[in-house]
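Here are the chains, one letter per residue:
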Amino acid sequence: MQKLIWLVEVFYRPEVTDGAAEAIRKAVEELGISVVEKVWTSSLYRLEGMLERTSIVRIARELLTDPISQKYRLGFPQRPGAWSVQVWYKPGVTDTVAETTQKAILDLGINTPVTVATGRCYFFQGKLRENILVSIARALLANELIEIFQVYQPSRGKKNGDQQSGKRN
Amino acid sequence: MVTSSQVKEINLLKASESELVALSQKHLLSLDLKEMKAIQRHFQRLGRNPTDCELETIAQTWSEHCVHKTFKAVINYHDGLEKRTRKVVCLNEIARVTRRLRKRWCLSVFQDNAGIIEFTDGWAVAFKVETHNHPSALEPYGGAGTGVGGVIRDILGVGLGAKPILNTDVFCFGPLDFSAEELPEGVLHPRRIFKGVVSGVRDYGNRMGIPTANGAIIFDPGYVYNCLVFCGTVGIMPENKIFKKVSVGDLIVVAGGRTGRDGIHGATFSSASLNKNIPTSVVQIGNPIVEKKLLDVLMVARDLNLYRAITDCGAGGLSSAIGEMARDTGAVVWLERVPLKYADLAPWEIWLSESQERMVLAVPPENEERLVSLFQNEDVEATVIGQFTDSGQLLLKYHDHTVGELNLNFLHHGLPRRKLQAYFHPRPPARITPENVEWKETLRQLLTDPVIASKEVVIRQYDHEVQAQTIIKPLTGVEQSGPSDAVVLKPLAESWAGVVVGCGINPFYGEIDPYAMAGCSLEEAIRNVVCVGGDPFRVALLDNFCWGETSQPESLGRLVRCVEGCRDFALAYGAPFISGKDSLNNYFRKEDGSVSSIPPTLLISALSTIPDVRKACTSDLKKPGNNIYLCGVTREEFGGSRYYHLFHCPGGQVPLPRPAETRPLMKKLYQAIRNRWVAACHDCSEGGFIVALSEMVIGGTWGAEVDLTKVNGQPLKIDACLFSESQGRFIVEVEQEHQEKFESLMEGQPVGLVGRVLPESFLTVKLGQEILFQFTIQELARSWKGAIGW
Amino acid sequence: MVKPRVLVLRVAGTNCDQETVWALQMAGASAERVHLNEFISGRKRLKDYQALVIPGGFSYGDDIAAGKVLANQLLYRLENDLRELVHRRKPILGICNGFQVLVKAGLLPGQPPGQQATLTWNDSARFEDRWVYLKVETEVCPFVKNLPEIIRLPVAHAEGKFLPANKKVLGFLERKKLVVFRYVSPSGELTGYPYNPNGSVAGIAGICSPDGLILGMMPHPERAVIRQHYPDWLRHPESSATAATAGFQIFKNMVDYLA
């Protein structure tokens with residue numbers, strides 16, 4: 001089989017406190033931006049290798065997701081009506097979680113080589129414009145020396161930056 | 001010389017002076033013309049051009065970061081106080097203290113990765129403090145984290161390796177409420193730097209399992225463009241492991257993380273000024289677990305005597321580490337054997353990379369197999385990449401090609417000594433003084449001053465108790481909300497002996513009088529040690545200078561003045577320096593060409609011991625009815641004080657330590673604490689007497705009543721009693737049953753019985769019978785604890 | 001008397017192993033730090049030990065989620081050995097990261113099989129080190145006997161909020177009295193931050209298996225084995241109640257049980 005790229009999104013169940021999201025909401029307010037009504041976060045894992053769907057589901061379910069507090073979804077992360085910002089490390093920057101994930105996949109008995117990259121996704125609901133999200137991203141979410149970020153419009157996908165290979169599948 | 005396609009020859013032989021300067025700039029070498037010419041002459045004698053590997057190696061080895069050119073320079077110093085000019089070498093002034101004091105408990109000073117002093121029963125402790133300023137300004141989380149990782153490796157690489165038992169952290173940031181509009185492009189907001197740096201120190205230190213339990217945070221607009229991040233580590237080791245020696249024939253083994261393109265030019269970059277055009281490769285993210293694995297297995301290998309020498313890969317990467325280890329022998333390195341993160345690195349990049357979490361060991365060939373398999377069993381990569389020889393040459397090979405061959409004598413001794421100009425003129429005293437001061441409101445505002453306010457929100461994010469050795473923790477009192485002066489550790493299961501660590505820093509004094517600043521920082525570090533019961537006569541000091549643009553004679557003059565302060569006061573307190581570090585050129589060049597320099601900053605860290613941790617002491621008030629003494633003399637010394645800062649009064653008389661007065665007092669206090677007569681002890685520093693007393697009240701949640709007419713000193717004004725930052729002062733709580741013994745011990749000392757601990761929940765300040773003001777404990781605590789948010 | 005042989009398991013990122021060994025030794029055990037690889041490779045065997053302690057730290061950096069990777073390793077690489085240990089009723093103690101591992105491996109509470117709860121991010125969303133008050137339930141777990149009703153221990157974690165899968169799991173824990181430690185106020189009341197430092201459901205700080213022999217707890221007993229470990233030890237006279245420290249008592253109970 002050929003190499004595939006999968007994108008796994010892991011996020012908290014609605015009844016679980018998302019402390020990181022709350023911290024960002026507060027920090028956005030401190031920036032003087034008052035139009036953000038709600039913030040969610042999720043963790044992104046981009047996995048590349050000769051992996052079948054059953055293997056990806058096992059990795060997502062048995063390794064990447066906590067069954068009690070989290071859920072996962074395969075594919076491009078989005079929430080109805082919410083803008084999103086994805087942040088990924090630039091190539092060559094140390095990604096410790098990705099390194100650990102690669103090794104931990106072996107524990108599941110999945111021995112095909114997998115290359116992992118990790119990222120973060122932030123969802124914002126409110127009366128927003130792209131330039132507001134860009135300034136939020138620059139001020140709080142990403143450091144462009146080591147990371148790249150992309151802003152996506154509600155539901156309609158990409159709005160800023162290059163095509164992200166991770167969203168195929 | 002055979003040259004592979006990946007190695008470039010640098011055309012140096014025929015370069016003109018201007019071409020030499022251009023070469024240095026193009027390759028980010030940070031070398032000046034004189035240094036470039038020394039290199040040119042060397043290669044002219046050899047009759048060939050250097051390779052990129054060779055030139056880069058020299059630049060790294062000769063970088064300010066690695067050899068401290070400014071501290072070793074001969075400075076033509078004009079002292080405006082003495083009105084004469086003399087020659088000064090800063091490093092000699094510092095080293096002179098240690099030489100002259102000749103403490104037999106100093107086991108290894110200024111020669112290894114850290115200073116080492118004797119501890120107890122065959123054990124020694126090592127201490128090193130580093131800065132990681134530029135990387136932290138650009139990528140606060142990664143920069144601070146790798147700063148912690150780096151200083152931990154210094155401790156892993158001192159002697160044959162020590163086990164880290166404590167991390168310290170001291171930061172200088174811009175004000176957290178700094179206006180975002182005023183920030184130029186490329187400069188991160190102080191709040192983001194603050195959060196990123198704290199998170200970086202937290203995540204690296206906590207994951208390493210090392211308690212972070214001593215530190216300080218300073219806020220000042222002078223640090224908006226250049227934050228300062230000081231990271232220190234204390235380690236413990238058997239006394240018979242404090243020396244290392246490479247033998248010819250030993251294998252060179254690199255262990256730990258893999259090598260990538262990370263941090264290339266870190267050493268030369270750290271000596272350059274910041275501007276908005278910074279290459280990405282200088283910032284890094286660390287991986288603490290890789291370093292933790294390395295730590296675990298190194299301690300096993302050390303105790304099995306599997307290697308003869310060790311050092312860390314820091315600035316300059318393998319080039320510095322191996323260049324240093326091979327100093328007295330010679331070495332051949334096979335660069336293609338270095339394990340890489342990705343394949344396409346040029347030989348010079350492998351050699352210069354500053355990838356984190358790597359150590360270099362000298363391993364006798366007969367131990368190779370055992371060592372490598374031991375490391376393998378714990379999932380740590382250890383690879384033979386070369387061998388020490390007796391050639392006096394550093395020979396770099398890459399797949400059978402020679403890519404560099406450097407004479408080690410030239411590398412380590414060929415650097416021409418710099419000659420610099422400096423002058424110092426004292427600032428004229430300012431005439432403005434605060435007027436119409438409302439005492440209570442002033443105290444409230446001082447308690448909310450971020451420099452003074454509680455750092456609890458930061459301290460609690462550090463695991464300050466891992467290893468279960470922290471006997472005096474950074475927070476103390478009923479609800480652990482009062483500040484501790486210093487940390488006390490009990491690092492050995494079988495002994496009650498303790499290690500005490502404190503620090504002193506006050507750049508506000510340095511702006512006016514760098515000499516006094518040196519004395520104050522030094523004394524504060526020692527006072528902190530004394531407050532918790534540490535031995536004031538067994539204090540070893542570390543100096544960390546962070547300065548602005550030292551190519552300016554005026555700035556350099558302040559540095560010289562500060563160094564002389566360190567020398568004089570360290571001698572006066574009998575406290576030797578055992579290690580030090582300087583970070584110069586902390587300035588930012590703005591778009592319009594103007595320069596913003598940091599305030600002259602000196603951190604003094606103090607390492608001492610306490611024979612029995614069960615005789616330690618804390619700052620929180622313990623019991624109603626107890627006496628409160630103010631020991632030491634109060635003077636009108638407001639220069640650089642937080643009180644003057646609050647009222648925007650520049651200048652003034654900076655507090656000056658008086659060792660002749662303070663040393664005997666410290667001696668008596670040490671004795672009183674050991675005798676268990678002292679219930680609480682806290683020193684007066686930023687904010688003066690009343691701030692220190694407020695902190696004791698907050699910690700103990702008991703009230704107190706003090707009478708300012710009982711304060712020792714010349715007839716004093718009220719503001720001097722309350723807010724002067726005179727040195728040499730301690731607030732001491734003594735139970736009535738010990739009053740007589742304490743007072744007779746203190747006979748002849750400047751000690752005033754100023755008040756009592758009260759069961760009521762008020763701090764009451766009186767002038768004779770007249771009540772000046774009252775504060776409830778809740779009010780005090782709310783002001784002091786609420787000022788720094790997360 | 002032969003000292004009971006206790007295994008203190010370590011992996012990449014374990015960092016409370018040394019002090020846990022000291023605490024066990026003080027309590028009379030013969031304790032050994034051994035790397036997980038020794039068992040995976042077969043060079044050592046779990047069954048040679050009478051008890052297993054998984055100490056605190058950041059196994060594998062707590063990457064992905066705290067304790068998750070080690071939990072998977074136990075499940076997928078040491079399953080049989082571990083099952084045998086449980087089957088032979090050998091005590092298992094998980095502290096902090098070790099508790100996270102036991103819960104995520106489904107060893108705690110252990111009934112019904114599989115992961116029934118989790119330890120997730122503190123409500124504050126950050127790491128915090130502080131001393132807490134704990135109410136002790138002594139009925140089921142033999143390692144907490146002779147403790148006063150309320151004890152103090154330090155917590156130091158980022159992901160310590162106990163969250164049961166649902167009301168049924170919580171009901172099971174309560175009914176069987178498996179909640180061994182609960183965060184309370186100094187007077188013993190269930191309350192919010194900072195006394196409940198992370199927002200744990202029902203203040204749960206530690207639980208045990210129905211037979212009481214597997215105990216997991218977020219607080220660190222190994223950091224409270226001598227009087228001077230307590231943050232306010234100088235406020236209390238030497239003779240006071242903290243003389244027998246709570247942490248020491250827990251390890252001693254474990255050793256006594258094994259003897």
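What counts and what doesn't
Residues numbered from 1 in each chain as written. Chains lettered and ligands numbered in written order. Predicted model: local features only at pLDDT ≥ 70, side-chain atom pairs only at ≥ 80, totals over all residues. Heavy atoms only, no water. Domains from an automatic or database assignment. Contact = heavy atoms within 4.5 Å. Buried area = accessible area lost by both parts, 1.4 Å probe. Salt bridge = Lys/Arg side-chain N within 4 Å of Asp/Glu carboxyl O. Polar contact = N/O pair within 3.5 Å; in protein donor to acceptor, adjacent residues only side chain to side chain. Nonpolar A, V, L, I, M, F, W, Y, C, P; charged D, E, K, R; others polar. Buried < 20%, exposed > 50% of the residue type's maximum accessible area, 1.4 Å probe, protein only. Helix = DSSP H or I, 4+ residues; strand = E, 2+ residues; numbered from the N terminus. Pairing = 2+ DSSP bridges. Axes fitted to C-alpha atoms, helices over the stretch in contact; angles between N-to-C directions.

It is worth spelling out the domain arrangement of chain B at this point. Residue and element names in this part refer to chain B. Along its sequence, chain B is organised into domain 1 (1-88 + 244-415) and domain 2 (420-453 + 619-790). Contact with domain 1, which involves ten residues of that partner, is made by seven residues of domain 2. When the two sides are added together, the surface that domain 1 and domain 2 hide from each other amounts to roughly 690 Å², 61% of it contributed by carbon and sulfur. Where domain 1 packs against domain 2, one counts zero salt bridges. Along the contact surface separating domain 1 from domain 2 lie six residue pairs in polar contact (both at pLDDT 80 or more). The class makeup of the residues in the side of domain 1 that touches domain 2 is five nonpolar, four polar and one charged.

Along a regular strand, successive side chains alternate from one face of the sheet to the other. All names here are of chain B. The two faces of strand β14 (residues 393-398) differ: L394, L396 and Y398 on one face are buried, but Q393, L395 and K397 on the other face are not. Examined bridge by bridge, strand β11 (residues 331-334) and β14 share four bridges and lie parallel to one another. Paired with V333 across the two strands is L396, which belongs to β14. Both β14 and strand β15 (residues 401-407) contribute to a ladder of six bridges, which runs antiparallel. Residue L396 lies in a different strand from β15, and its bridge partner there is G404. Between β14 and β15, which pair antiparallel in sequence order, lie two residues; one of them, H399, sits at a positive phi of approximately 50°.

Take the interface of chain C and chain A next. Every contact between the two is made by 22 residues of chain C and, on the other side, 23 residues of chain A. Together chain C and chain A conceal approximately 1,700 Å² of surface at their shared face, both sides included; 56% is due to carbon and sulfur atoms. Per-residue buried area on chain C facing chain A is highest for C:D63, C:I64 and C:Y76; these three make up 34% of the total on that side. Counting every contact that joins chain C to chain A gives one salt bridge. A salt bridge links A:D107 to C:R77; the shortest N-O distance between them is 2.6 Å. Summed over the shared surface of chain C and chain A, the number is eleven residue pairs in polar contact (both at pLDDT 80 or more). The element that contributes the greatest number of residues to the side of chain C that touches chain A is helix α3 (residues 68-77) of chain C, accounting for six residues. When its residues are assigned to classes, the side of chain C that touches chain A shows ten nonpolar, six polar and six charged.

Let us look at the pattern of salt bridges. All names here are of chain B. For the structure on display, the rule yields 70 salt bridges over all chains. Across the salt bridge formed by D620 and K622, the nearest N and O atoms sit 3.4 Å from each other. Across the pair, K622 and D620 agree in class, each one buried. For E705, the salt bridge goes to K766, with nearest N and O atoms at 3.4 Å. Of this pair, E705 sits in strand β29 (residues 703-707) while K766 sits in strand β32 (residues 762-767), and the two are 61 residues apart along the sequence. Exposure remark for E705: the relative accessible area of 26% places this residue in the partly exposed category.

Each partner contributes to the interface: chain B provides 51 residues, whereas chain C provides 39 residues. In total, about 3,500 Å² of surface goes out of reach between chain B and chain C, with carbon and sulfur atoms giving 49% of it. Of all residues in chain B, B:R207, B:R460 and B:E465 bury the most surface against chain C, accounting for 16% of the area lost on that side. Inspection of the region where chain B meets chain C yields four salt bridges. Between B:D463 and C:R223 there is a salt bridge, with its nearest N and O atoms 2.9 Å apart. Inspection of the region where chain B meets chain C yields 18 residue pairs in polar contact (both at pLDDT 80 or more). Split by residue class, the side of chain B that touches chain C holds 18 nonpolar, 14 polar and 19 charged.

Another point: the sheet that holds strand β31 (residues 751-758) of chain B. Residues and elements named next belong to chain B. Taking strand neighbours across the sheet as the criterion, the seven strands line up as β28-β30-β27-β31-β29-β32-β33 in an open arrangement whose pairing is mixed. The sheet is open, and its two borders are formed by β28 (678-683) and β33 (770-776), each paired with just one other strand. Pairwise comparison of adjacent strand axes, ignoring direction, gives a mean angle of 20° for this sheet. Of the pairings in the sheet, the one linking β29 to β32 comprises four bridges and is parallel in character. Residue A704 lies in a different strand from β32, and its bridge partner there is L763.

Residues and elements named next belong to chain C. Pairing in this open sheet of nine strands is mixed, and the strands run β2-β1-β3-β4-β11-β10-β9-β6-β7 from one edge to the other. Pairing within the sheet leaves two strands with one partner each, and these edge strands are β2 (30-35) and β7 (150-157). Adjacent strand axes in the sheet meet at a mean angle of 25° when their direction is disregarded. Pairing of strand β6 (residues 128-136) with β7 involves eight bridges; the strand directions are antiparallel.

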